[in-house]
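# Inside the fold
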Amino acid sequence: MLYVRKYGGTSLGDGEKIRAAARRAAELHRQGHRVVLVVSAQGHTTDEMIRKAREINRRGSLREMDAYLSTGEQISAALMAMALGALGQQAVSLTGIQAGIHTDGIHGNAEILTIDPARIRRELESGRIVVVAGFQGVDPEGDVTTLGRGGSDTTAVALAAALAADRCQIFTDVDGVYDRDPRLYPDARRFDRIGYDRMLALVENGAQVLHHRSVTLARDRGIEVEVLSAFSEGGGTIVGRE
Ligand code: ADP
Ligand code: ASP
Ligand code: MG
């Protein structure tokens with residue numbers, strides 16, 4: 001089977017967390033599966049980068065912000081490939097451009113238009129785990145774009161569609177989708193399964209657990225998305241048809 005697995009920032013917050021995700025991916029590969037990992041910038045990197053940029057220019061150009069912010073994900077991707085290498089697992093990190101992710105030119109909130117998955121396919125065929133930097137692509141000018149805050153989820157769903165993946169898994173710091181933010185409401189209830197439209201309603205009410213566009217894309221392409229904990233096995237929510 002082909003797995004696309006995305007890890008969010010908190011789930012990659014330190015070296016041990018990166019190694020833990022790498023171990024799970026290498027194990028999956030050993031079982032005979034092909035694995036694409038999509039990674040976000042570590043911890044609060046993106047917030048800190050935005051703060052630093054604003055110190056320099058309160059209204060810096062969106063093009064330069066994309067050039068800058070996309071590096072957070074690139075760091076995670078290279079570190080993840082190194083963590084896999086340390087386990088004896090062949091792996092390669094790819095930026096959005098290298099992964100063939102083509103977007104429109106709306107810097108800071110770009111939309112994925114097409115994906116050319118040839119490079120990823122080639123790397124998978126040669127037995128590597130492919131680690132893709134989330135949240136980014138390339139516009140018709142050849143410039144780096146970013147997909148909007150939380151956009152790595154959309155990278156994962158778009159890649160799952162382009163590669164016709166068997167599983168699309170979003171690993172995060174909670175063990176699924178709840179009816180309310182489980183960090184704020186300890187009595188929140190987890191869904192085993194939730195329909196796309198109900199999920200969209202949650203997102204529109206501020207549940208940042210999935211990027212809005214990742215849900216509409218999943219719905220439009222008929223991709224089932226599993227939301228799982230990066231820190232514990234089991235549980236999870238399937239976002240799919242009602
Ligand atoms: P990641 O870094 O993995 O992308 P996010 O911070 O974007 O993670 O999303 C996960 C967070 O979403 C959780 O820590 C949780 O506090 C929050 N959240 C808000 N609403 C919900 C909800 N209804 N179900 C699950 N998590 C939610
Ligand atoms: N690092 C980006 C952000 O913080 C993208 C993501 O996490 O998905 O918004
Ligand atoms: Mg997120």
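Here, the structure is the one placed above.
Quantities reported herein were computed from a predicted structural model and do not represent experimental measurements.

### Brief notes about the site of ligand 1
Inspection of the region around ligand 1 gives 16 residues, with T172, D173, Y178, D181 and R183 positioned closest. Y178 is positioned such that a nitrogen or oxygen atom in its backbone is 2.9 Å from a nitrogen atom of ligand 1. Side-chain polar atom of R183 to an oxygen atom of ligand 1: 2.8 Å apart, as the coordinates give it. The protein chains hide 89% of the 570 Å² of surface that ligand 1 would expose on its own. In terms of residue class, the shell around ligand 1 is made up of six nonpolar, five polar and five charged.

### Focus on the sheet that holds strand 2 (residues 34-39)
Strands sit in the order 3-6-2-1-9-11-12-10 across an open sheet of eight strands; the sheet is mixed. Unpaired on one side and paired on the other, strand 3 (91-94) and strand 10 (193-195) mark the two borders of the sheet. Between one strand axis and the next, the sheet turns through 20° on average, direction left out of account. Relative to strand 6 (residues 129-133), strand 2 is paired through four bridges, and the arrangement is parallel.

### Re the pairing of strand 2
In terms of residue burial, strand 2 counts as a mostly covered element, since five of its six residues are buried. Viewed along the sheet, the connection from strand 1 (residues 2-7) through helix 1 (residues 15-30) into strand 2 turns out right-handed.

### Quick word on helix 1
In a regular helix each residue adds 1.5 Å, so 16 residues correspond to 22 Å; helix 1 covers 22 Å between its end C-alpha atoms and thus fits that length. Structurally, helix 1 contributes buried residues whose contacts are with strand 1, strand 2, helix 3 (62-86) and strand 6. Looking at where helix 1 begins, the residue whose side-chain oxygen comes 3.1 Å from the main-chain nitrogen of E16 is D14. Among the residues trailing helix 1, G32 stands out with phi positive, at a value near 100°.

### Concerning the pairing of strand 11 (residues 225-229)
Most of strand 11 sits inside the fold, with five of its five residues counted as buried. Taking every second residue as pointing to the same face, both faces of strand 11 are buried, with V225, V227 and S229 on one and E226 and L228 on the other. Inspection of the sheet shows strand 9 (residues 167-172) paired to strand 11 by five bridges, in the parallel sense. Among the inter-strand pairings, T172 is bridged to a residue of strand 11, identified as S229. For strand 11 and strand 12 (residues 237-240), the ladder comprises three bridges, and the chain directions are antiparallel. Bridge pairing in strand 12 links E226 to I238.

Reading guide: rules and limits
Residues numbered from 1 in each chain as written. Chains lettered and ligands numbered in written order. Predicted model: local features only at pLDDT ≥ 70, side-chain atom pairs only at ≥ 80, totals over all residues. Heavy atoms only, no water. Near = heavy atom within 4 Å. Polar contact = N/O pair within 3.5 Å; in protein donor to acceptor, adjacent residues only side chain to side chain. Areas by Shrake-Rupley, 256 points an atom, 1.4 Å probe, with all protein chains shown as cover. Nonpolar A, V, L, I, M, F, W, Y, C, P; charged D, E, K, R; others polar. Pairing = 2+ DSSP bridges. Helix = DSSP H or I, 4+ residues; strand = E, 2+ residues; numbered from the N terminus. Axes fitted to C-alpha atoms, helices over the stretch in contact; angles between N-to-C directions. Buried < 20%, exposed > 50% of the residue type's maximum accessible area, 1.4 Å probe, protein only. Right-handed = clockwise from strand over helix to strand, strands pointing away. Expected span 1.5 Å × (residues − 1). Contact = heavy atoms within 4.5 Å.

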